[in-house]
Amino acid sequence: MNRSLVTIADHTREKIEYLIQMATEFERHPNRRLLEGKVVATLFFEPSTRTRLSFETAANRLGARVIGFADPKVTSGTKGETLKDTIMMVSNYADIIVMRHYLEGAARYASEVAPVPIVNAGDGANQHPSQTMLDLYSIYKTQGTLDNLNIFLVGDLKYGRTVHSLIMAMRHFNPTFHFIAPDELQMPQHYKDYCHEHSINYVEHKEFDADIISQADILYMTRVQRERFTDLIEYERVKDSYLLKMPLLAKARKNLKILHPLPRVNEIEYAIDETPHAYYFQQAGNGLFARQALICDALDITLEDVLKDTTIIG
Amino acid sequence: MKEKVLQVAAIQNGTVIDHIPSSRIFSVVSLLHLEKLTSEVTVGFNLRSKSMGRKSIIKIANRFFTDDELNQLAVVTPNVTLCIIRDYEIVEKKTVKLPEDLLGIVKCDNPKCITNNEPMRTRFHLVSPHALCCHYCNTQQALDEVKLCD
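Conventions adopted
- Residues numbered from 1 in each chain as written.
- Chains lettered and ligands numbered in written order.
- Predicted model: local features only at pLDDT ≥ 70, side-chain atom pairs only at ≥ 80, totals over all residues.
- Helix = DSSP H or I, 4+ residues; strand = E, 2+ residues; numbered from the N terminus.
- Rg over C-alpha atoms; globule rule 2.2 N^0.38 Å.
- Buried ≥ 20, exposed ≤ 12 C-beta atoms within 10 Å, placed from the backbone.
- Contact = placed C-beta atoms within 7 Å.
- Domains from an automatic or database assignment.
- Pairing = 2+ DSSP bridges.
- Axes fitted to C-alpha atoms, helices over the stretch in contact; angles between N-to-C directions.
- Nonpolar A, V, L, I, M, F, W, Y, C, P; charged D, E, K, R; others polar.
- pLDDT = per-residue confidence, 0-100.
- Expected span 1.5 Å × (residues − 1).
- Arc of directions from axis to C-beta.
- Core = buried A, V, L, I, M, F, W, Y, C linked by C-beta atoms within 7 Å.
- Right-handed = clockwise from strand over helix to strand, strands pointing away.

**Looking at the overall build of chain A**
Part 1 of the reasoning: Tallying secondary structure elements over chain A gives 11 helices and nine strands in all.
Part 2 of the reasoning: Against the compact-globule benchmark of 20 Å for 314 residues, chain A has a radius of gyration of 20 Å, which places it among compact chains.
Part 3 of the reasoning: By its C-alpha atoms, chain A is 55 × 45 × 40 Å across when sized along the principal axes.
Part 4 of the reasoning: Put simply, chain A has 314 residues, and 43% of those count as buried.
Part 5 of the reasoning: Counting contacts in chain A only where the partners sit at least 6 residues apart, residues at least 24 apart contribute 77% of the total.

Here it is, written out as structure tokens:
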């Protein structure tokens, strides 16, 4: 059976809860020798420092050795080698391949040709399942549940793959999504259709103010990038409309947590970092435990193995 | 009595593909790789048709196709009629049915899709009667706008 992780959009509720439980165990004891003797390859055909560091730390803290490349310029891809050939070559050396690629569908294809499991660390604008997993884990950790939450998605809802994957992964948990975006960056129709097909509630808001935010359990901010706009006048007009500033949190629920996939530019005012609502740095930290769970799952290490693990360090 | 003349000569054995919209005839040729055949192929182009105004027809002697081969035609010509001929008689009439999975037929219109950048076979899933979804990059495209693989 191919244990590769290409997307978690197809995961069942049970599987998501299982992985969250596994991540919780890793958070309790992150340092282990569970993967001693294993080699994890991290192939980054597109640079992504924070994702790579997170995966490599996850592997290192479980005792695996890590090989790979961080910069596609040093690989044979530039000499015209196909993805398949690179994957086949590395499969001779590694027990698992964590791959980031700039082309969409690269992870699915790699998982079909590779004799070892592939973990998708992002394939173009398509999927980024480890980000989704850490988002789910962060939501679960801060709210104590994934069920019946009000989740506000703010900013670039058109190109933001993290928000798209989150909608798909949350479909089992009866969420209500709230979409807040400039006209040019609205949630694409086919994701709204997806919500209808899966009976996911969603509301679209024009305003982004304290009254609206008062209903939120999770406020998921994303970056509104200048290069996404065809009309730069429109960009100048709306760029400051989706910034999160202190007064907007005046009526916030106590349990409200603010998430952001990072890097942040100016979407969230720095003063907010000091409030109990800010959670984006911990969210990134949760990526370590989520990725430990995903690597182990791809290597067929079960939750039971993790619970019975006797290799915990310290 | 007025004698009825066939616009394209009959074949003794083989396959007749009728009611092809003339604009799609080259797609049919390429989907069935007819250019590689050594048996006789007669093509009638822009013929008069009661139902279509103008149509095209292809008669392929001594060649019978599998359903999988023929069903590919549904991508570009969903309304063709297929006749299996044995000893000048029509022994079977068929229509084509779009398969759930299309392998190596349709080209993905996303330039950043892996299938447009790697020597590999494309794969699409039928997601509605009018739309396909790329198995790799998840891009959807309307059936009436698809381009075929080279």
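**A short note on the overall build of chain B**
Part 1 of the reasoning: For chain B, the count of helices and strands is two helices and 11 strands.
Part 2 of the reasoning: In sequence order, the secondary structure elements of chain B are arranged as β-α-β-β-α-β-β-β-β-β-β-β-β.
Part 3 of the reasoning: If you line up chain B on its principal axes, its C-alpha atoms span 60 × 30 × 20 Å.
Part 4 of the reasoning: With 150 residues in all, chain B has 29% of them scored as buried.
Part 5 of the reasoning: The long-range share in chain B, meaning contacts at least 24 apart out of those at least 6 apart in sequence, stands at 57%.

**Regarding the domain arrangement of chain A**
All names here are of chain A.
Part 1 of the reasoning: Examined at the domain level, chain A breaks down into domain 1 (13–127 + 287–307) and domain 2 (130–283).
Part 2 of the reasoning: The C-alpha-based centres of domain 1 and domain 2 are spaced at 27 Å.
Part 3 of the reasoning: If you look at the interface, domain 1 gives 15 residues, while domain 2 gives 12 residues.
Part 4 of the reasoning: When contributions to the side of domain 1 that touches domain 2 are tallied by element, the ones reaching two or more residues are helix 1 (13–28) and helix 10 (280–298).

**Section: the sheet that holds strand 8 (residues 218–221) of chain A**
The strands making up a sheet associate through backbone hydrogen bonding, with each pair oriented either parallel or antiparallel.
All names here are of chain A.
Part 1 of the reasoning: Read from one edge of the open sheet, five strands run 7-6-5-8-9, paired in parallel fashion. The open sheet has two edge strands, strand 7 (201–204) and strand 9 (257–259), and neither has a second partner. Direction aside, the axes of adjacent strands within the sheet are offset by 20 degrees on average.
Part 2 of the reasoning: With five bridges joining them, strand 5 (residues 150–154) and strand 6 (residues 176–180) adopt parallel strand pairing. Paired with Asn-150 across the bridge in strand 6 is Thr-176.

**Some words on the interface of chain B and chain A**
Part 1 of the reasoning: If you look at the interface, chain B gives 15 residues, while chain A gives 12 residues.
Part 2 of the reasoning: For the side of chain B that touches chain A, the per-class residue count stands at seven nonpolar, six polar and two charged.

**Brief notes about the confidence of the model for chain B**
Part 1 of the reasoning: Across chain B, the average pLDDT comes to 92, with 98% of residues at 70 or higher.
Part 2 of the reasoning: Scoring of the predicted complex yields 0.90 for pTM and 0.90 for ipTM.

**Things to note about helix 2 (residues 49–61) of chain A**
All names here are of chain A.
Part 1 of the reasoning: Look at helix 2: 18 Å from first C-alpha to last across 13 residues, which is about the 18 Å you get at 1.5 Å a residue.
Part 2 of the reasoning: The complete set of buried residues in helix 2 reads Thr-51, Arg-52, Ser-54, Phe-55, Ala-58, Ala-59 and Arg-61.
Part 3 of the reasoning: Just downstream of helix 2, Gly-63 is the residue with a positive phi angle, here 90 degrees.

**Here we look at helix 3 (residues 83–91) of chain A**
What sets the pattern is the α-helix's 3.6 residues per turn: residues three or four places apart point alike.
All names here are of chain A.
Part 1 of the reasoning: Here helix 3 has its buried residues at Leu-83, Ile-87 and Val-90. The buried side chains of helix 3 occupy one side of the element, clustering within an arc of 70 degrees when seen end-on.
Part 2 of the reasoning: Looking at the packing, one finds that the buried side of helix 3 touches strand 1 (39–44), strand 3 (96–101) and helix 4 (106–113).

**What about the nonpolar core?**
All names here are of chain A.
Part 1 of the reasoning: With 117 residues, the main nonpolar core has Ile-96, Ile-97, Leu-219, Tyr-220 and Ile-295 as its most contacted residues.
Part 2 of the reasoning: When residues in this core are grouped by element, the largest group, nine residues, is from helix 10.
Part 3 of the reasoning: Tyr-220 has contacts with Ile-151, Phe-152, Leu-153, Val-154, Val-163, Leu-166 and Leu-259, leaving out every residue within four places of it along the chain.

**A short note on the domain arrangement of chain B**
All names here are of chain B.
Part 1 of the reasoning: Domains assigned within chain B are domain 1 (14–94) and domain 2 (101–148).
Part 2 of the reasoning: Using C-alpha coordinates to define each centre, domain 1 is positioned 24 Å away from domain 2.
Part 3 of the reasoning: Facing the five residues of domain 1 at the interface are six residues of domain 2.
Part 4 of the reasoning: A class-by-class count of the residues in the side of domain 1 that touches domain 2 yields two nonpolar, three polar and no charged.

**Some words on the sheet that holds strand 3 of chain A**
All names here are of chain A.
Part 1 of the reasoning: What the four strands build is an open sheet, ordered 2-1-3-4; its pairing is parallel. With one partner strand each, in any of the chains shown, strand 2 (65–69) and strand 4 (118–123) form the two edges of the open sheet. Ignoring strand direction, the axes of neighbouring strands in this sheet form an average angle of 15 degrees.
Part 2 of the reasoning: Where strand 3 lies against strand 4, four bridges are found, and the strand directions are parallel. In the strand pairing of strand 4, Met-99 is matched with Asn-120.

**Thoughts on the pairing of strand 7 of chain A**
The two faces of a sheet get side chains in turn, since along a regular strand they alternate between them.
Residues and elements named next belong to chain A.
Part 1 of the reasoning: With four bridges joining them, strand 6 and strand 7 adopt parallel strand pairing. If you follow Phe-177 over to strand 7, its bridge partner there is Tyr-202.
Part 2 of the reasoning: In this fold, strand 6 hands off to helix 7 (residues 189–197), which returns the chain to strand 7; that crossover is right-handed.

**Let's talk about the pairing of strand 4 of chain A**
Part 1 of the reasoning: Across the six residues of strand 4 of chain A, six count as buried, placing the element largely inside the fold.
Part 2 of the reasoning: At this point the chain moves from strand 3 of chain A, through helix 4 of chain A, to the parallel strand 4 of chain A, and the crossover so formed is right-handed.

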